[in-house]
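# Fold and contact review
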Amino acid sequence: TGIGGATLRPSIRLTDGTPALSDLILSTEQGGLEWTNHGDPVRLNVLGAFREGTTAGLYYETYGLQVGRSYRTAIAIAPVKHPKKAGVSLTFTEAATAGTEHVRRSVSLATLQPGQYLLTVTLTDPGTGASASREQLLNVVAR
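Now for a description of the structure that goes with this document. (Residues numbered from 1 in each chain as written. Predicted model: local features only at pLDDT ≥ 70, side-chain atom pairs only at ≥ 80, totals over all residues. Heavy atoms only, no water.)

## Some details on a nonpolar patch on the surface
Applied cut-off: What goes into a patch is any residue over 30% in relative accessible area without a salt bridge, connected to like charges within 9 Å or, for nonpolar side chains (Val, Leu, Ile, Met, Phe, Trp, Tyr), within 5 Å. Working definition of accessibility: Shrake-Rupley area with a 1.4 Å probe, residue cover restricted to the visible protein chains. For this document, the term salt bridge refers to a Lys or Arg side-chain nitrogen within 4 Å of an Asp or Glu carboxyl oxygen. Helix and strand labels come from DSSP, where a helix needs a run of H or I of at least four residues and a strand needs a run of E of at least two; each type is numbered from the N terminus. Summary of the burial criterion: residues with accessible area below 20% of their type's maximum are buried, those above 50% are exposed, and those between are partly exposed, where the area comes from a 1.4 Å probe applied to protein chains only.
A surface patch of nonpolar side chains, amounting to about 350 Å² of accessible area, comprises L33, V46 and L47. Within the secondary structure, V46 is located in the loop between strand 4 (40-44) and strand 5 (49-51). Judged by its relative accessible area of 60%, V46 falls in the exposed class.

Written as structure tokens, this is what we have:
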């Protein structure tokens, strides 16, 4: 027999135009458990581990966006033991197409050595300076 639990979390609706992020979900293209979020299937990487040289899948939701307004997203992956050491960093700007969006990203881990990393996603409204940030541990394992 197994032990487990579940909780029902109500929907969050933000109407003040402040950007917000859901938790970050690491995903995989093959294997893993499949989770469907409002008809959007995601293959979960439940161990948060990726072989060195591969690509990490990332899924999250954005909330409180104003349609047509541009938002800056920064994705950073830094070693947990040496956070100032170079890792992976991406920054881009996109216009919101809806107040709530389901986002999928792929991040190459080709330059990372085996170890534990902190993945950080920050969403910023350049017009107001308002931002939201989430973190998730990610492990790179040897081939």
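## Here's the deal with the nonpolar core
As a rule of thumb, soluble globular proteins bury nonpolar side chains together. Our working rule: By nonpolar core is meant a set of buried Ala, Val, Leu, Ile, Met, Phe, Trp, Tyr and Cys residues that side-chain atoms within 4.5 Å join together.
Counting 24 residues, the largest nonpolar core has I77, L109 and L138 as its most contacted members. Looking at this core, the elements with two or more residues in it are strand 6 (55-63), strand 7 (70-79), strand 9 (101-108), strand 10 (115-124) and strand 11 (131-141).

## Focus on empty space enclosed by the protein
Note the following rule: Here a cavity is any set of points on a 1 Å grid over the protein atoms alone where a 1.4 Å probe fits but cannot get out, and a pocket is any open set with protein on both sides within 12 Å along at least 5 of 7 lines; a residue lines the site when it has an atom within 4 Å of a point. Grid points are joined across faces, edges and corners, and a volume is the space filled by probe spheres set on the points. Nonpolar residues are Ala, Val, Leu, Ile, Met, Phe, Trp, Tyr, Cys and Pro. Charged residues are Asp, Glu, Lys and Arg, and all others, Gly as well, are polar.
Scanning the model with the defined rule gives one cavity of 30 Å³ or more in all. Residue lining of the largest cavity: L26, A56, G57, L58, I77, V107, L119 and L138, and that is the complete set. For the lining of the largest cavity, the element with the most residues is strand 6, which contributes three residues. Considering only residue class, the lining of the largest cavity consists of seven nonpolar, one polar and no charged.

## Section: the sheet that holds strand 11
Spelled out, the test is: Note: two strands are recorded as paired if DSSP finds a minimum of 2 bridges between them. Simply put, an axis is a line fit to the C-alpha atoms, just over the touching stretch for a helix, and the angle between two N-to-C directions goes from 0 to 180 degrees.
Taken together, the five strands give an open sheet; going across it, the order is 5-11-10-7-8, and neighbouring strands pair in mixed fashion. The open sheet has two free edges, formed respectively by strand 5 and strand 8 (88-95), since each of these has just one partner strand. With strand direction ignored, the average angle separating the axes of adjacent strands in the sheet is 25°. In terms of strand pairing, strand 7 meets strand 8 through eight bridges, oriented antiparallel. Of the residues in strand 8, the one forming a bridge with S70 is A95.

## As for the pairing of strand 10
Across eight bridges, strand 7 lies against strand 10 in antiparallel orientation. Each residue of the ladder has a partner; that of P79, found in strand 10, is Y117. Here 10 bridges tie strand 10 to strand 11, and the two strands are oriented antiparallel to one another. Bridge assignment links L119 to a residue of strand 11, and that residue is Q136. In this antiparallel pair of consecutive strands, strand 10 and strand 11, the connection spans six residues, and G129 shows a positive phi of 85°.

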